[in-house]
Amino acid sequence: MLTFKQFTGINNILPEHRLKGNDLLAATDVDIGLDGEIVRRGGYARMADECHKNLWQGRGFLLATHRGALLATHPDGTRTTLHPAIGHSRIWYCNLPDGRTTYTNGLIQGVTDGRTGADRAVPTPEHSGAADDTFGQLHPGQYRYCIAFVRLADRLEGAPTHPVPVQISSGGLRLDGLPDLAGHGVNVYLSSLDGEGVFLAGHTTGRSFEFTGPNESLVLSCRTVGAVPFPVGTVTAFWRGRVLTAQGDTLWASRPMAPHLSDWRDFKPVGSRITAVCPVHDGIYVGTDEGLFFLGGDTWDKLALQRTGFGAVVLGSGIEVPGHRIALGDGVGAGQAMLCIAGGEVVAGFAGGQTVSLTANRYRTEAREVWAAFRELPGIGPQYMALPV
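Residues numbered from 1 in each chain as written. Predicted model: local features only at pLDDT ≥ 70, side-chain atom pairs only at ≥ 80, totals over all residues. Heavy atoms only, no water.

*Asks:* Please clarify how unusual backbone geometry should be interpreted in this entry.
*Replies:* Residues apart from glycine generally show negative phi values, whereas peptide bonds are mostly found in trans. With a phi angle near 55 degrees, N54 is a residue other than glycine that sits in the positive phi range. If you trace the backbone, N54 turns up in strand β5 (residues 53-57). At M257, a residue that is not glycine, the phi angle is positive and equals roughly 60 degrees. Looking at the element boundaries, M257 is found in the loop between β24 (250-253) and β25 (261-263). Accessibility expressed as a relative area gives 65% for M257, which makes it exposed. (Helix = DSSP H or I, 4+ residues; strand = E, 2+ residues; numbered from the N terminus. Buried < 20%, exposed > 50% of the residue type's maximum accessible area, 1.4 Å probe, protein only.)

Written as structure tokens, this is what we have:
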């Protein structure tokens, strides 16, 4: 049996004959105690006899895919099917402050509270129907109108169509041939006379609509003007009220506190495929196939791109961690931090763009894609786990 007075870690950089007595090339099925002692790793308990993938811990429920379906398992053992055919590809998740979790595989995206699943975005109508004149109280003249879908289950409104000019001479507006989407109604917006903004004229669940009221009744502005449905991406995170997602080499941000919408200008290209998105207090670490970058700033529009000097980031390796559990110099960090595999090394990132390699000159990995997690167990040192895909 091997014994160590003080275990100094894994070292796969030096040749075996140059290792010190407290180094190991590899360690299997062991944990490292808080004082550096090596202990046998605890066993596992089987929860299910069939293959489950894409595991994720939501608030009060566990998400996983099974036979191509997305399932939520609850503490009492009950299971809910959230999406019957999401497929077998990797799922990217993000826990929201309100207890819901978003999910996406790059083609299908949704949000769930563990009991029901819904599309994360509300689509924009493909057309605005056909406008006609009818009798009413509007002042004669030039107006503009647009429509937006509203999901009936939660009253979530999507982005509107582009405003269409219409000439009203008899005082009213009639729309026919409105688009129909199961589970959704339509909000109709109308501008003031020769005006720019659009205001709520009414709601319908049918294919036609009429507005015959006076101009003074148009008071509620459309809040989704200028927005687009939140794009379907992959790597996802939450930062300062916004959901972030990677779409190829571009990082998108949702509107604040509106994860189903994004403004057309709220994207930032970073030059190569994004493999990690890890927010900290004053910025966002973005890993790519080219290197690790830090977008520093307190607001989305003021984020500035900085290079960290570390190499390509392994897909899926970036996770958020508590800074006070990560070594920094002779002490530990503070606040929100992140861990990832960059340039083959395990790298920690802190607020302000401060980064440090935790395995420099001691350990390197050739992994290309991983599932990463961070955990703490009683009596055991904090663990960063990265399982190759």
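That covers the picture; the talk isn't over yet.
*Asks:* Teacher, can you tell me more about the pairing of strand β35 (residues 345-349) here?
*Replies:* The two faces of a sheet get side chains in turn, since along a regular strand they alternate between them. The buried count for β35 comes to 5 of 5 residues, which makes it a mostly enclosed element. Alternating positions in β35 separate into two faces, E345, V347 and G349 on one and V346 and A348 on the other, with burial throughout. Relative to β35, strand β34 (residues 336-342) runs antiparallel, the two sharing 5 bridges. Its bridge partner being in β35, C340 is matched across the sheet by V347. Between β34 and β35, which pair antiparallel in sequence order, lie 2 residues; one of them, G343, sits at a positive phi of approximately 60 degrees. Here β35 runs beside strand β36 (residues 355-357); their pairing, made up of 3 bridges, is antiparallel. Looking across to β36, one finds that G349 is bridged to T355. If you look at the hairpin formed by β35 and β36, you'll find 5 residues sitting between the two strands, and G352 has a positive phi there, around 80 degrees. (Pairing = 2+ DSSP bridges.)

*Asks:* When you look at the nonpolar core in this model, what are you seeing that I'm missing?
*Replies:* Within soluble globular proteins, side chains that are nonpolar generally end up buried alongside one another. L175 and L190 are the most contacted members of the largest nonpolar core, which totals 19 residues. Looking at this core, the element that brings in the most residues is strand β14 (residues 141-151), giving 4 residues. The residues contacting L175, other than those within four sequence positions of it, are A130, A131, Y145, I147, V188, R207, S208 and F209. In this structure, L251, V286, L303 and L315 belong to the second largest nonpolar core, which totals 17 residues. (Core = buried A, V, L, I, M, F, W, Y, C linked by side-chain atoms within 4.5 Å. Contact = heavy atoms within 4.5 Å.)

*Asks:* Teacher, can you tell me more about the pattern of salt bridges here?
*Replies:* Side chains carrying opposite charge are able to pair once their charged atoms draw close together. Under the definition given, this model contains 15 salt bridges. Its salt-bridge partner being D49, residue R46 comes within 3.8 Å of it at the nearest N-O pair. For the residue pair R46 and D49, the accessibility class agrees, reading exposed in each case. Through salt bridges with shared partners, a single ionic network connects R174, D176 and E210. (Salt bridge = Lys/Arg side-chain N within 4 Å of Asp/Glu carboxyl O.)

*Asks:* Could you clarify how one ought to interpret the sheet that holds β36 in this entry?
*Replies:* If you trace the 4 strands from one edge of the open sheet to the other, you get β31-β34-β35-β36, paired in antiparallel fashion. Each edge of the open sheet is held by one strand with a lone partner, namely β31 (319-322) and β36. This sheet shows a mean twist of 30 degrees between the axes of neighbouring strands, independent of strand direction. (Axes fitted to C-alpha atoms, helices over the stretch in contact; angles between N-to-C directions.)

*Asks:* Just checking my understanding: could you explain the packing of aromatic side chains for this structure?
*Replies:* Tallying each qualifying case throughout the model produces 3 aromatic pairs. Look at W56 and Y93: their rings are 5.4 Å apart centre to centre, the planes differ by 20 degrees, and that puts the pair in the stacked class. Separated by 37 residues along the polypeptide, W56 in strand β5 and Y93 in strand β9 (residues 92-95) bring together distant segments of the chain. Classification of Y93 by relative accessible area gives buried; the value is 5%. (Phe/Tyr/Trp six-rings, centres within 6.5 Å; stacked < 30°, edge-to-face > 60°.)

*Asks:* Help me understand the environment of Q383, please; the structure alone is not making it clear to me.
*Replies:* Tracing the chain through its elements places Q383 in strand β38 (residues 383-388). Owing to a relative accessible area of 11%, Q383 belongs among the buried residues under this scheme. In this structure, Q383 is in contact with D31, A373, F374, R375 and L377, ignoring residues within four places of it in sequence. A polar side-chain atom of Q383 sits 2.5 Å from a polar atom in the side chain of R375. (Polar contact = N/O pair within 3.5 Å; in protein donor to acceptor, adjacent residues only side chain to side chain.)

*Asks:* How should the sheet that holds strand β11 (residues 109-112) be read in this particular structure?
*Replies:* Neighbouring strands of a sheet are bound in pairs by backbone hydrogen bonds; such pairs are parallel or else antiparallel. With antiparallel pairing, the 4 strands of this open sheet are ordered in space as β9-β10-β11-β12. Of all the strands in the sheet, the pair left with one neighbour each is β9 and β12 (117-119). Sheet twist, expressed as the average angle between the axes of neighbouring strands with direction ignored, equals 25 degrees.

*Asks:* Would you mind showing me how to read the environment of T365 here?
*Replies:* Following the sequence through the fold, T365 ends up in the loop between β36 and β37 (370-375). When the C-alpha positions of T365 and T245 are compared, they lie 26 Å apart, and in sequence the two are 120 residues distant. For T365, the contacting residues outside a window of four places in its chain are I341 and G344. A polar side-chain atom of T365 sits 3.2 Å from the main-chain amide nitrogen of A367.

*Asks:* Could you clarify how one ought to interpret the side chain of R255 in this entry?
*Replies:* In this structure, R255 sits in the loop between β24 and β25. Within the structure, the side chain of R255 is placed 2.9 Å from the side chain of D263, a separation counted as a polar contact. Residues contacting R255, with those up to four places away along its chain left out, are R223, T224, V225, G226, A227, G241, R242, L261, S262 and D263.

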